[in-house]
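A closer look at the structure
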Amino acid sequence: MIELFSGLDAWVLVSLLLALTFVLAFEFINGFHDTANAVATVIYTKAMPPHLAVFFSGVFNFLGVLLGGVGVAYAIVHLLPVELLINVNTGHGLAMVFSLLAAAITWNLGTWYFGIPASSSHTLIGSILGVGLANALINDIPLGDGVNWQKAIDIAMSLVVSPMAGFAVAAMVLIGLKWWRPLSKMHKTPEQRRKLDDKKHPPFWNRLVLVVSAMGVSFVHGSNDGQKGIGLIMLVLIGIVPAKFVLDLNSTTYQIERTRDATLHMSQFYQRNAATLGEFLALGKAKSSDLPEQFSCNPQQTEPTIAALQSSLQGVTDYHSLSADKRVEVRRYLLCLDDTAKKVGKLPGLEAREKADLEKLRKDLTATTEYAPFWVIVAVALALGLGTMVGWKRVVLTVGEKIGKQGMTYAQGMSAQITAACAIGMANIFALPVSTTHVLSSGVAGTMVANKSGLQGGTVKTILLAWVLTLPASMGLAAGLFWLASKAIS
């Protein structure tokens, strides 16, 4: 990590440290903003004392980030169009990073202060979209090209479908529990348990399930939301000190050879499917001299891009041997080939097995660009874990008592938590960012409806309003900040 700071100008060094502080502050806020939802039910039902619940939730969040990989991290990064990712410079990178982080932190703190279970995921994604659209307007780029809309649609679907699924599945789980054990003590609220049974804690098995499922939610929250912080830090590092982070400098000779081989096999793949892809890729027509000086991704430049990349990697066994400019160039080629491969994979006419081959080639192609240094993962894990241990009280009360007209029963808490853990875990498998807040609070709402408790209109309207406003508010705020920062730089 020390080499990160070597040879940097003083202003770049200060900007880098400030940007990293901003990202870790966002993750710290995310910890007490979103993870309050992960421990809300276990604290409200008195299955665990608050200090223990929050401590162990922080530990499991830490482990979730540490073991979660980087799939979701780069799903967030690739919301930005590939042109914005390949043509990076320090000033532009600073403006982009500080704008989206300032917008996300401002909205998160505001909703936390009022105890509203708003989504950090929505906030971050809205901020990134706002920066992408503002960049398009400033540089006279069509708005359709300002954001990676296909990735945005995929993420939007996961963010919309996951709370709906949480509502329905949690309701069904509760109905199943009521059918299985209609007279069980798990259908009591903590208040009823205290008055009728003179007991402070849930029955043993219910308590165990509540505790285990709460830690499960914390773990999957860490592996999903923590990766967003990892993606942000990689945006910071690539935007401010690209020479050191555009490629994984710790890549082994085998990994570099695998990347080079992937370009060869990709060329063979395109030639094999020339009848279907020849016109789309201009196979046999484009030349290396066609590559523009200000690099942009164009499927019709695929053949010269492959040739240029193979030439750049010829005989390379260690990325340290490449000059700073050459590393940036190699990353541009790799990102463009990956972007084209994604577009090709969506074209009609390709057989399923061919699409599967192309997907495997894409993974080999991006193996040395989609990575995160271990210190980045540990830093985000610590920030999220420590943030979990403060500021949880405001949201716990909202989730436990203010969503339904009656207090939450033990069975409702178990249903909502089990559903949330499974839903977020599935999203992690498919590298899709989802909102812990939305999934859990909608699960609680689903159990309230299934239990015929009814919903508190005022609270539900406030939560829904926050859900609806978060995306446009964070987009507008980030776009405005990016516009001001760009004007200041220019």
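Preceding block: the structure.
Let us look at the structure shown here. Bear in mind the structure is a predicted one, so any value in this text is a computation, not a measurement.

A separate point is the pattern of salt bridges. In the structure shown here, the tally under the stated rule is 12 salt bridges. Measuring nitrogen to oxygen at the nearest pair gives 2.8 Å for the salt bridge that ties aspartate 225 to lysine 228. Taken as a pair, aspartate 225 and lysine 228 lie in helix H9 (residues 204–240) at a separation of 3 residues, close to a single helical turn. Judged by its relative accessible area of 0%, aspartate 225 is buried. Accessibility expressed as a relative area gives 2% for lysine 228, which makes it buried. Across the salt bridge formed by arginine 362 and aspartate 338, the nearest N and O atoms sit 2.5 Å from each other.

The next thing to look at is the packing of helix H11 (residues 253–272) against helix H15 (residues 352–365). In the contact formed by H11 and H15, the axes pass within 8 Å of each other and the chain directions differ by 155°. The angle between the axes of H11 and H15 places the two elements in the roughly antiparallel class. Read as a crossing pair, H11 and H15 show a hand that is left-handed. Counted together, Arg258, Thr259, Ala262, Thr263, His265, Met266, Phe269, Tyr270 and Arg272 of H11 and Glu354, Asp357, Leu358, Leu361, Asp364 and Leu365 of H15 form the full contact between these two elements. Class assignment for the residues of the contact of H11 with H15 results in 7 nonpolar, 3 polar and 5 charged.

So, about the nonpolar core. By size, the foremost hydrophobic cluster in this structure holds 87 residues, and its most contacted members are Leu237 and Tyr270. Of the residues forming this core, the biggest block, 10 residues, is contributed by helix H5 (residues 90–113). Not counting residues up to four positions away in its chain, the partners in contact with tyrosine 270 are Leu277, Leu281, Leu283, Thr302, Ile306, Thr340, Ala341, Val344 and Leu358. In terms of nonpolar packing, the next biggest core, distinct from the first, is built from 18 residues, Met48, Ala53, Leu210 and Ala214 among them.

Quick notes on the rules
Residues numbered from 1 in each chain as written. Predicted model: local features only at pLDDT ≥ 70, side-chain atom pairs only at ≥ 80, totals over all residues. Heavy atoms only, no water. Salt bridge = Lys/Arg side-chain N within 4 Å of Asp/Glu carboxyl O. Helix = DSSP H or I, 4+ residues; strand = E, 2+ residues; numbered from the N terminus. Buried < 20%, exposed > 50% of the residue type's maximum accessible area, 1.4 Å probe, protein only. Axes fitted to C-alpha atoms, helices over the stretch in contact; angles between N-to-C directions. Parallel < 35°, antiparallel > 145°, perpendicular 65-115°, else oblique. Left-handed = near helix turned anticlockwise from the far one by under 90°. Contact = heavy atoms within 4.5 Å. Nonpolar A, V, L, I, M, F, W, Y, C, P; charged D, E, K, R; others polar. Core = buried A, V, L, I, M, F, W, Y, C linked by side-chain atoms within 4.5 Å.

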